[in-house]
Amino acid sequence: MSPDAGGHVSHYHYLKTFCNVFFYSVTEDENIDLIQIEKLCRQHHPKLLIAGASSYPKSIHYSQIYSICQKYDTLLLADISHTAIYVATQNHESPFGYADFVTFTTHKTTRGIRGGIVMSKAQYRSSLEHAVFPVVQGAPKFNEILAKAVMLSELASIDIKKYVEDILKISNTFTSILMNKGIKLYTNGTETHLIMVDLRKSQITGKNCEDLLFSQHILVNRNQLPNDNKPPSITSGIRIGILTLATINMLENEYTQIAELIADTINGKCIIDESLARDIIQSYRIIE
Ligand SMILES: Cc1ncc(COP(=O)(O)O)c(C=O)c1O
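Definitions and limits used
Residues numbered from 1 in each chain as written. Predicted model: local features only at pLDDT ≥ 70, side-chain atom pairs only at ≥ 80, totals over all residues. Heavy atoms only, no water. Core = buried A, V, L, I, M, F, W, Y, C linked by side-chain atoms within 4.5 Å. Buried < 20%, exposed > 50% of the residue type's maximum accessible area, 1.4 Å probe, protein only. Helix = DSSP H or I, 4+ residues; strand = E, 2+ residues; numbered from the N terminus. Domains from an automatic or database assignment. Contact = heavy atoms within 4.5 Å. Salt bridge = Lys/Arg side-chain N within 4 Å of Asp/Glu carboxyl O. Patch = residues over 30% accessible without salt bridge, like charges linked within 9 Å, V, L, I, M, F, W, Y side chains within 5 Å. Areas by Shrake-Rupley, 256 points an atom, 1.4 Å probe, with all protein chains shown as cover. Pairing = 2+ DSSP bridges. Axes fitted to C-alpha atoms, helices over the stretch in contact; angles between N-to-C directions. 1 Å grid on protein atoms, 1.4 Å probe; cavity = no way out; pocket = protein on both sides within 12 Å on 5 of 7 lines; lining within 4 Å. Points joined across faces, edges and corners; volume = space filled by probe spheres on them. Nonpolar A, V, L, I, M, F, W, Y, C, P; charged D, E, K, R; others polar.

## Things to note about the nonpolar core
Inference 1: Counting residues in each nonpolar core, the largest one holds 68 residues, and the members touching the most others are Phe174, Leu178, Val197, Ile238, Ile240, Ile262 and Ile266.
Inference 2: Broken down by element, the residue count for this core peaks at eight residues, all from helix 6 (residues 160-180).
Inference 3: Each of two domains, domain 1 (3-157) and domain 2 (160-283), supplies a minimum of three residues to this core.
Inference 4: Once you skip the residues sitting within four places of it in the chain, isoleucine 266 turns out to touch Leu178, Ile183, Val197, Leu199, Ser202, Ile204, Cys209 and Ile238.

## Topic: the pattern of salt bridges
Inference 1: Summed over the entire model, instances satisfying the criterion amount to 10 salt bridges.
Inference 2: Between aspartate 166 and lysine 162 there is a salt bridge; the shortest N-O distance is 2.9 Å. One end of the pair, aspartate 166, and the other, lysine 162, are both in helix 6, four residues apart, so they sit about a helical turn from each other.
Inference 3: Classification of aspartate 166 by relative accessible area gives partly exposed; the value is 21%.
Inference 4: The partner of arginine 200 in a salt bridge is aspartate 198, and the shortest N-O contact between them spans 3.1 Å.

## A short note on a nonpolar patch on the surface
Inference 1: Where nonpolar side chains cluster on the molecular surface, the patch consists of Val132, Phe133, Val135 and Val136 and spans about 380 Å² of accessible area.
Inference 2: Structurally, phenylalanine 133 can be placed in helix 4 (residues 125-136).

## Thoughts on the sheet that holds strand 8 (residues 237-241)
Inference 1: As summarised here, the arrangement of the four strands in space is 5-6-8-7, forming an open sheet in which the pairing is antiparallel. The outermost strands of the open sheet, each flanked by one partner alone, are strand 5 (184-185) and strand 7 (221-223).
Inference 2: Packing against the sheet, helix 7 (residues 206-214) makes contact with strand 7 and strand 8, and its axis sits at approximately 40° to strand 8.

## Concerning empty space enclosed by the protein
Inference 1: A complete count under the given rule lists one cavity of 30 Å³ or more for this structure.
Inference 2: Taken as a whole, the largest cavity holds about 100 Å³ of empty space.
Inference 3: Taken together, 15 residues form the lining of the largest cavity, with Ala53, Tyr56, Lys58, Ile60 and Thr83 sitting closest to its centre.
Inference 4: Its residues placed into classes, the lining of the largest cavity shows six nonpolar, seven polar and two charged.
Inference 5: Per-domain counts for the lining of the largest cavity show at least three residues from each of domain 1 (3-157) and domain 2 (160-283).

And the structure:
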């Protein structure tokens, strides 16, 4: 997926050094462009199609993409780094049963160690194992394997449906507050913990907005949007992620204030009570 539409750098940057890489994007109404995918497959007969994103806030319909892959003998890799938990709770369509490979990072919705998990259909097991050892690893990293096992056992011991409900409740509060204040969101909302703000109607760039919010103790990142005319170092968008707010059980009246602060900053009407912002952050400090 093209980076301005939400694709992740790990899906193309290194691959470009030994593969031909072609990008697909989104339609005018900001859904993954299946017609473009089909056209690219017809033209190039790719060996592999990667579905998955880091700044596309909607669920991905793997079955639709898979039916295109089948026609062109293309393998499908689903990177569910940002959406593993929603797949587990069936809030999003599962890629299992369709994708040949499913990957996810363990440090996002699943709240584990910085690392990843790769799964595949059985017939790829030995080539996948070879691609890990000796290509990228010299020995098993038992500390990391153990940390991933701990992560999985923690996930098995919590009510993940409730965790996802909490995430989506906070996301929806954020999107309603931002949209009610006239702010445009990429895909007009979210089905995840990610909220992509389109600043093209506002007076500020992604970088300005990131800096302004950072000065108020709010961390977001600048992010390009489809057809962005600003470079990745400036951008026309920001990406907000609310996972930590769910993890620390932040109260509704508190995260509402944060969403309002963000909206007012974007609209140039920021009347920040700095000490309140600092108090909120400090009262939730989880890393000593
Ligand atoms: C969709 C997706 N895949 C893979 C990664 C890779 O994660 P890392 O930067 O930890 O290697 C990310 C990270 O943001 C991501 O968003």
